[in-house]
There are 2 protein chains.
Amino acid sequence: MNLQKAIKKINLPDKEYEKKAALRLDDQARPKGSLGLLEDTARRLAGISKTLDVRLDRKIIVTCAGDHGVVAEGVSLFPQEVTAQMVYNFVDGGASINVLARHAKASVRVADLGVNHDFSPELPIFHKKIAKSTGNIRKEPAMSRNQAIASIEAGIAMTEELAKAPGLDLLGTGDMGIGNTTPSAAVIAAFSGLDVKKLAGRGTGLDDRALKHKIRVIEDALELHRPGPGDPVDVLAKVGGFEIGGLAGLVIGAAALGIPVVCDGLIATAGALIACGIAPAAGSYLFASHRSVEAGHNYMLKHLGLDPLLDLKLRLGEGTGAALAMEIMDASTRVLAEIRTFEEVQIRNAQK
Amino acid sequence: MNLQKAIKKINLPDKEYEKKAALRLDDQARPKGSLGLLEDTARRLAGISKTLDVRLDRKIIVTCAGDHGVVAEGVSLFPQEVTAQMVYNFVDGGASINVLARHAKASVRVADLGVNHDFSPELPIFHKKIAKSTGNIRKEPAMSRNQAIASIEAGIAMTEELAKAPGLDLLGTGDMGIGNTTPSAAVIAAFSGLDVKKLAGRGTGLDDRALKHKIRVIEDALELHRPGPGDPVDVLAKVGGFEIGGLAGLVIGAAALGIPVVCDGLIATAGALIACGIAPAAGSYLFASHRSVEAGHNYMLKHLGLDPLLDLKLRLGEGTGAALAMEIMDASTRVLAEIRTFEEVQIRNAQK
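Residues numbered from 1 in each chain as written. Chains lettered and ligands numbered in written order. Predicted model: local features only at pLDDT ≥ 70, side-chain atom pairs only at ≥ 80, totals over all residues. Heavy atoms only, no water.

Asks: Sorry, what's going on with the interface of chain A and chain B here?
Replies: Interface extent is often summarised as the accessible area lost during association of the parts. Taken residue by residue, the interface counts 48 residues in chain A and 48 residues in chain B. Both faces considered, chain A and chain B share a buried interface measuring about 4200 Å² in area, 60% of it formed by carbon and sulfur atoms. The three residues of chain A that bury the most area against chain B are Asp 92, His 103 and Leu 312 of chain A, which together make up 13% of that side's buried surface. Our count for the contact surface shared by chain A and chain B stands at 7 salt bridges. Mapped by element, the contributors of at least two residues to the side of chain A that touches chain B are α3 (36-49), α4 (81-92), α5 (96-103), α14 (320-338) and α15 (342-350) of chain A. For the side of chain A that touches chain B, the leading source of residues is α14 of chain A, giving 9 residues. Grouping the constituent residues of the side of chain A that touches chain B by class yields 22 nonpolar, 10 polar and 16 charged. (Contact = heavy atoms within 4.5 Å. Buried area = accessible area lost by both parts, 1.4 Å probe. Salt bridge = Lys/Arg side-chain N within 4 Å of Asp/Glu carboxyl O. Helix = DSSP H or I, 4+ residues; strand = E, 2+ residues; numbered from the N terminus. Nonpolar A, V, L, I, M, F, W, Y, C, P; charged D, E, K, R; others polar.)

Asks: Help me out: how do you make sense of helix α9 (residues 208-225) of chain B in this one?
Replies: Owing to its 3.6 residues per turn, the α-helix brings residues three or four apart onto one side. Residue and element names in this part refer to chain B. Taking 1.5 Å per residue as the helical rise, α9 with its 18 residues ought to reach 26 Å, and the 26 Å between its terminal C-alpha atoms agrees with that figure. If you check which residues of α9 are buried, you get Leu 211, Lys 214, Ile 215, Val 217, Ile 218, Ala 221, Leu 222 and His 225. Axial view of α9: buried residues confined to an arc of 160°, hence all on one face. Of the exposed residues in α9, those oriented more than 90 degrees away from the buried face are Asp 208, Arg 209, Lys 212 and Glu 223. Where α9 is buried, its residues touch α7 (181-192), α8 (196-199) and α10 (232-239). Just downstream of α9 lies Arg 226, where phi reads positive at about 45°. (Expected span 1.5 Å × (residues − 1). Buried < 20%, exposed > 50% of the residue type's maximum accessible area, 1.4 Å probe, protein only. Arc of directions from axis to C-beta.)

Asks: Just to check I follow, could you spell out the packing of aromatic side chains for this structure?
Replies: Aromatic rings in a pair are described by how distant their centres are and how their planes are angled relative to each other. Residues and elements named next belong to chain A. For the structure shown, the criterion picks out 2 aromatic pairs over all chains. With a centroid separation of 5.4 Å and an interplanar angle of 65°, the aromatic rings of Tyr 88 and Phe 119 are classed as edge-to-face. In this pair, Tyr 88 sits in helix α4 while Phe 119 sits in the loop between β2 (106-114) and β3 (126-127), placing the two residues 31 residues apart along the sequence. A relative accessible area of 27% places Tyr 88 in the partly exposed class. Cation over ring: Arg 44 sits above Phe 287, and NZ or CZ is 4.0 Å from the ring centre. (Phe/Tyr/Trp six-rings, centres within 6.5 Å; stacked < 30°, edge-to-face > 60°. Lys NZ or Arg CZ within 6 Å of the ring centre and 35° of its normal.)

Asks: When you look at the sheet that holds β3 of chain A in this model, what are you seeing that I'm missing?
Replies: What holds strands together in a sheet is hydrogen bonding between their backbones, with the strands either parallel or antiparallel. All names here are of chain A. In spatial order, the strands read β3-β2-β1-β4-β5-β6; together these 6 strands make up an open sheet with parallel pairing. Strands with a single pairing partner mark the edges of an open sheet, and in this sheet they are β3 and β6 (286-288). Bridging between β2 and β3 involves 2 bridges; their strand directions are parallel. Within the sheet, the bridge partner assigned to Ala 111 lies in β3 and is Phe 126. The sheet contacts of helix α12 (residues 266-278) involve β4 (170-176), β5 (261-263) and β6, and relative to β5 the element is tilted by about 130°. (Pairing = 2+ DSSP bridges. Axes fitted to C-alpha atoms, helices over the stretch in contact; angles between N-to-C directions.)

Asks: I'm lost on the sheet that holds strand β1 (residues 59-66) of chain B in this one. Help?
Replies: Residues and elements named next belong to chain B. Across the sheet, which stays open at both edges, the 6 strands sit in the order β3-β2-β1-β4-β5-β6 with parallel pairing between neighbours. For this open sheet the edge positions go to β3 (126-127) and β6 (286-288), each flanked by a neighbour on one side alone. Bridge analysis of β1 against strand β4 (residues 170-176) gives 7 bridges, and the strand direction is parallel. Directly across from Ile 61, in β4, lies its bridge partner Gly 172. Of the strands in this sheet, β1, β2 (106-114), β4, β5 (261-263) and β6 are in contact with helix α14 (residues 320-338), which crosses β4 at around 165°.

Pasting the structure below:
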């Protein structure tokens, strides 16, 4: 599926099943609305899956990795080499995302969209490298328009691959890329027009001075490229990242295939912003896992109109928040299917 | 164990294991502090369990039920009979708490502390009835001081029973009792001295007028009894409830036995407030599961100095928030034990 085909393929979730789910939730033996966001989640999943007994058995998190030219400006505490090292750590199973995905009974797939390292073709990852690192956005565009589209289409291709038998019930998106909170903050700045000071965060742990510098770098990049919400592909090309493009493609691809998708924190949600900018209907398949401590994330969630399921003060990425949220989403499906209605309770009591 | 003995038995968690846990979390191959509340939770659990590989295999939620004389004032949308009906529904396995506990691989035990109904002695619940319903707190004390102590000691006795072989790794507390948001709001008002208008919530769904009335009822009760934080047992006796006493006893008992305990929303946290008022050291074993939409709950959490793990806009009770939080707590133990340190990653890479 190329991008245009995927966009056309997105159907809205089934309103009838959403209604049926809402009725059943209201009829359950408990005060109306008392399970809050679990109810919203269950209702939306019912509409997507066209059943009141949604089963999220096959859960996969795709962690998209890429490097960023802007690290030359000193916007991160960690050296660029860490991106590739962490890809190996993911494959080896000892990283944070592996641990939390195991707990959620999800599997992890890693994708190289633009890591500045030559991985052996035998390494069991998605080999989708567009280029080795983006350009330094303070001085040049992150990538060409064609590369931006290619990174999105790489994400779409991964969803097609993952949806093959035995299939995929819930996709999670996560990221790895030293320096990638900088382009992500630039993306939400481009979409919202808000002051960068409100949007930039400390990433892996910048001090006040380094944060000020990061803000200046983002302001300079926006001043140079002037990307706007009218052309989301241009935003991705000018100030984004290859893994952000991949993350956008995952959302569009999942929506095209009718699969719910839960995004992680700042970077994954930057990808979701691009995706929903290009194809607003994709938002119907999108769930927000958590509220990151990164300042810009809250504005992204507002822009997308999403209520996050968790608020655990996470700021790690990799898909860790998405993994945890999968457990809550799974619980929400049991809420809808298994909590008895007042009528069912009366029938049980009468049978005794 | 009577109350005095239980209080004396509470030891503080092991500071050495907390330190070891903090060091390991800091050494893991990810930015320091990036897993937020998961790290705090894992560190505290390590101190309680004296290991860096905490296993929360045996999880039990105790749902304490009781009735309230104050329902005569029209403070709830549901009739009092629903308390007993829901006890049967819990035993039958079809209620919200059953569904969410199953998902968390926890079991549910129901306790009658003061339901206005005669249950058969064969019904598989904890039979701990102090009396059939409390007094109407607008006109009389909820219970006598002796009854208050008896309700707390009933909670302590349940923890001793549950801690017998094969043992208990994590206790969750939940409630059922029509009208019990009214005494719970009165409890936090007595502890905080704050305006009742700030503390009272809509319970199962009161409209503006009914909420105003509920506030007046609570104000009248406080004016009549003048309970204060200096004597938490008196607060329980004057404006509390039998299930709130049981919930307090569960916290004290768990702390005395060195078992972590996670409390649900407004009513379970009212019990925890009483418990920590009587035995401040019990707070070291206490975890807050979620932030309820009930206004007073936030003030309870502040008073206890606890950060809740979830913010899902729940307002159900039964222990539903505690069940969901158990999954997050379980994940936090895997974070501590399984995410590799930078050193472990290097050793693995060198071995290849």
